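Structural overview
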Amino acid sequence: MTTITRNLLVDHFRKTKQDRATDSIDAGTSPDEDSLTLADQLEDGGLRPDDVQKKRQVAEMVHQGLQKLSPELREALILRDLQDMDYREIATALKVPEGTVKSRINRGRAELARLLSRTYKQVI
């Protein structure tokens, strides 16, 4: 469950990162150009609409789960799993010992997995 959650978080971050990049590029385009973002234009046509919808629902559940975590756990998880920072960099950024960072990430992943499994059972 933790691996699935991490992969979903990474996918979500990568998608929103691309959206942010295309938003800044789109800001300089002329008004008559297509209003779709690059991510929308390049979206894989091989996915069925119901698969796309499921991915959106999962991404939304992960986002909601992250919001329910304490700020300390959420911050450590985002820095590690979404921004791919190493433990030392996170410890420096948060001004806490490296062991505390590892503990927060572990507790955050476990709590997020628990929240997501509970949410997933309610959706089914």
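Data block above holds the structure.
Because the structure is predicted, anything quoted here is derived from the model rather than measured.

Moving on, we get to unusual backbone geometry. At D84, a position not held by glycine, the phi torsion is positive, near 50°. Positionally, D84 belongs in the loop between α4 (71–82) and α5 (87–94). Residue K95 is not a glycine yet carries a positive backbone phi of 60°. Position of K95 relative to the elements: it lies in the loop between α5 and α6 (98–123). K95 sits in the exposed class, given a relative accessible area of 73%.

Once that is clear, we can look at the side chain of R104. Within the fold, R104 resides in helix α6. One buried charged side chain, R104, makes no salt bridge at all; its nearest oppositely charged neighbour is E75, positioned 5.5 Å away. When neighbours within four sequence positions are excluded, R104 is seen to be in contact with E72, L73, A76, L94 and V96.

In total, this model carries two salt bridges according to the counting rule given. Residue D81 is joined to R109 by a salt bridge in which the shortest nitrogen-to-oxygen separation is 2.6 Å. Placement of the pair is D81 in helix α4 and R109 in helix α6, with a sequence separation of 28 residues. A relative accessible area of 1% places D81 in the buried class. For R114, the salt bridge is made with E111, and the minimal N-O distance between the two is 2.3 Å. Here E111 and R114 lie together in helix α6, a separation of three residues that amounts to about one turn. With relative accessibility at 26%, the residue E111 sits in the partly exposed group.

What counts and how
- Residues numbered from 1 in each chain as written.
- Predicted model: local features only at pLDDT ≥ 70, side-chain atom pairs only at ≥ 80, totals over all residues.
- Heavy atoms only, no water.
- Helix = DSSP H or I, 4+ residues; strand = E, 2+ residues; numbered from the N terminus.
- Buried < 20%, exposed > 50% of the residue type's maximum accessible area, 1.4 Å probe, protein only.
- Lys, Arg positive; Asp, Glu negative; His and termini not counted.
- Salt bridge = Lys/Arg side-chain N within 4 Å of Asp/Glu carboxyl O.
- Contact = heavy atoms within 4.5 Å.

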